[in-house]
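# Structural features, examined
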Amino acid sequence: MRSLGSGIDLSADLQCEFEGKLFSLTASNGKIVVDVPDLTSCLRIVRNRPARTQIRKDLARLNLFLNKLQTTLELQIRGIRVATTGFETDAPLERLIGLKHLKLYPVAIFKSAIMRRAR
């Protein structure tokens, strides 16, 4: 991860568990990658927020924080990039549906859903 203004440089390589499913979180060189095992797990992690918060507002706050750090967050399903947000993320199509801070990769999402069914 890039410097936080005080000369601190962060990096991470973590294995995490959510609802019995393992996923990884890595960070280095201005990029955070969360890699989950399947689309269902991905949706459960995204939806695991306080009940009264709105995803658009949460995403806007996350994007603001990531931009200050000059960092990008990439969400992957089994190594396939399905979404990005943060520094220098441009999402013109997503702006039309109110998700201007999130770039989605629909073909990759579809591919990850099919891969799960094929298992």
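That block above? That's the structure.
Structure report, in brief.

Moving on, we get to the overall build of the chain. Counting its regular elements, the chain contains four helices and six strands. Going from the N terminus to the C terminus, the chain shows its helices and strands as β-β-β-α-α-β-β-α-β-α. Put simply, the chain has 119 residues, and 35% of those count as buried. Contacts in the chain between residues at least 24 apart in sequence constitute 44% of all its contacts with a sequence separation of at least 6.

Right, let's talk about the packing of aromatic side chains for a bit. A complete count under the given rule lists zero aromatic pairs for this structure. Here Arg-81 stacks its cationic end above the ring of Tyr-105, 4.3 Å away from the centre of that ring.

Moving on to the nonpolar core. Val-34, Val-36 and Leu-75 are the most contacted members of the largest nonpolar core, which has 18 residues in total. The contact partners of Val-36, leaving out residues within four places of it in the chain, are Phe-23, Cys-42, Ile-45, Gln-76, Ile-77 and Arg-78.

Moving on, we get to helix H2 (residues 55-68). Given a rise of 1.5 Å per residue, 14 residues ought to cover 20 Å, and the 20 Å separating the end C-alpha atoms of H2 matches this to within 8%. Contact partners of the buried residues in H2: strand E3 (31-36), strand E4 (72-77), strand E5 (80-86) and strand E6 (102-104). Just downstream of H2, Gln-70 is the residue with a positive phi angle, here 55°.

Quick look at the side chain of Asn-63 now. Within the secondary structure, Asn-63 is located in helix H2. A relative accessible area of 9% places Asn-63 in the buried class. Polar side-chain contacts of Asn-63 include one of 2.8 Å to the backbone nitrogen of Gly-86. Other than its neighbours up to four places away in sequence, Asn-63 contacts Thr-85, Gly-86 and His-101.

Let's shift gears to the sheet that holds E5. As a general point, the strands of a sheet are linked pairwise by backbone hydrogen bonds and lie either parallel or antiparallel. Sheet architecture is open: six strands sit in the order E1-E2-E3-E4-E5-E6, paired in mixed fashion. With partners counted over all chains shown, the strands left at the sheet margins are strand E1 (12-18) and E6, one partner each. For this sheet the average axis-to-axis angle between neighbouring strands, irrespective of direction, equals 20°. Here strand E2 (residues 21-28) runs beside E3; their pairing, made up of five bridges, is antiparallel. Note on E3: the bridge partner recorded for Ala-27 is Ile-32. Those strands touched by helix H1 (residues 39-47) are E1, E2, E3 and E4, and its axis lies near 140° from that of E4. Running over the sheet, H2 touches E3, E4, E5 and E6 and is turned about 80° from E5.

What follows concerns the pattern of salt bridges. Here the idea is simple: oppositely charged side chains can pair when their charged atoms come close. Applying the stated rule across the entire model yields four salt bridges. Where Glu-19 meets Arg-44, a salt bridge forms, and the shortest distance between an N and an O atom there is 3.7 Å. Separated by 25 residues along the polypeptide, Glu-19 in the loop between E1 and E2 and Arg-44 in helix H1 bring together distant segments of the chain. Overall, Glu-19 belongs to the exposed group, its relative accessible area being 55%. For Arg-44, a relative accessible area of 45% translates into the label partly exposed. Across the salt bridge formed by Glu-74 and Lys-31, the nearest N and O atoms sit 3.2 Å from each other. In this pair, Glu-74 is assigned in strand E4 and Lys-31 in strand E3, connecting sequence segments 43 residues apart.

Definitions and limits used
- Residues numbered from 1 in each chain as written.
- Predicted model: local features only at pLDDT ≥ 70, side-chain atom pairs only at ≥ 80, totals over all residues.
- Heavy atoms only, no water.
- Helix = DSSP H or I, 4+ residues; strand = E, 2+ residues; numbered from the N terminus.
- Buried < 20%, exposed > 50% of the residue type's maximum accessible area, 1.4 Å probe, protein only.
- Contact = heavy atoms within 4.5 Å.
- Phe/Tyr/Trp six-rings, centres within 6.5 Å; stacked < 30°, edge-to-face > 60°.
- Lys NZ or Arg CZ within 6 Å of the ring centre and 35° of its normal.
- Core = buried A, V, L, I, M, F, W, Y, C linked by side-chain atoms within 4.5 Å.
- Expected span 1.5 Å × (residues − 1).
- Polar contact = N/O pair within 3.5 Å; in protein donor to acceptor, adjacent residues only side chain to side chain.
- Pairing = 2+ DSSP bridges.
- Axes fitted to C-alpha atoms, helices over the stretch in contact; angles between N-to-C directions.
- Salt bridge = Lys/Arg side-chain N within 4 Å of Asp/Glu carboxyl O.

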